[in-house]
Amino acid sequence: MISNDELSHIRHENERYLTDTLVHLRRGVTTGTYGEVVATFATASSYQAGLAYSPFKFRSREVEKGDRAPITLSEILVRARMPEAAKGEIDTDDRVVLTHKWGELLAEPQIFDVQGFEELTIYGLILNLRRTGV
């Protein structure tokens, strides 16, 4: 059995190697001009993270678009190692934005949807993310 001190030390050492920065955007809902429901996102916090592509890196599927022909949608699946401080803070309706990769500011931030629920491991938290593009 691992003691609390050992667990704390393992997680602290792991967090030293989280070189990416994620900004957490919390989802809210507002009403639009015509009474429609509109999703809004506000910055809640930022975390150091470590992003790695999933072993199941890409997934393609067809999406129906009303009366138009289906379009193919490609998704890039990513696993994000997060500090324990993020536990319970990021919901599946929220988004995260990658602003720094390996400590370097990205010219164009990358937006990810949270997919599924957080996994707590001995090293900290794992979030499954999905970056979607057409």
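Residues numbered from 1 in each chain as written. Predicted model: local features only at pLDDT ≥ 70, side-chain atom pairs only at ≥ 80, totals over all residues. Heavy atoms only, no water.

Caption draft 1: Molecular detail of a nonpolar patch on the surface. Taken together, the side chains of Ile-2, Ile-122 and Tyr-123 present a nonpolar region at the surface, about 270 Å² in accessible area. Relative to the elements of secondary structure, Ile-122 occurs in the loop between strand 6 (119-121) and strand 7 (124-133). (Patch = residues over 30% accessible without salt bridge, like charges linked within 9 Å, V, L, I, M, F, W, Y side chains within 5 Å. Areas by Shrake-Rupley, 256 points an atom, 1.4 Å probe, with all protein chains shown as cover. Salt bridge = Lys/Arg side-chain N within 4 Å of Asp/Glu carboxyl O. Helix = DSSP H or I, 4+ residues; strand = E, 2+ residues; numbered from the N terminus.)

Caption draft 2: Local environment of the nonpolar core. Ranked by internal contacts, the top residues of the largest apolar core, which has 16 residues, are Leu-22, Leu-51, Met-82 and Leu-129. If you list the elements that add at least two residues to this core, you get strand 2 (37-65), strand 3 (68-82), strand 4 (95-101), strand 5 (104-114) and strand 7. Beyond its immediate chain neighbours, meaning those up to four positions away, Leu-51 contacts Asp-20, Leu-22, Val-78, Arg-79, Ala-80, Leu-98, Lys-101 and Phe-112. (Core = buried A, V, L, I, M, F, W, Y, C linked by side-chain atoms within 4.5 Å. Buried < 20%, exposed > 50% of the residue type's maximum accessible area, 1.4 Å probe, protein only. Contact = heavy atoms within 4.5 Å.)

Caption draft 3: Representation of the environment of Glu-119 within the structure. Inspection of the secondary structure assignment puts Glu-119 in strand 6. The class of Glu-119 is partly exposed, set by a relative accessible area of 30%. As a C-alpha pair, Glu-119 and Arg-81 span 38 residues in sequence and 9.6 Å in three-dimensional space. Discounting residues that sit within four places of it in the chain, Glu-119 has contacts with Arg-79, Gly-124, Leu-125, Ile-126 and Asn-128. A polar contact is formed between the side chain of Glu-119 and the side chain of Arg-79, at a distance of 3.3 Å. In terms of polar contacts, Glu-119 uses its side chain to reach the side chain of Asn-128, at 3.1 Å. (Polar contact = N/O pair within 3.5 Å; in protein donor to acceptor, adjacent residues only side chain to side chain.)

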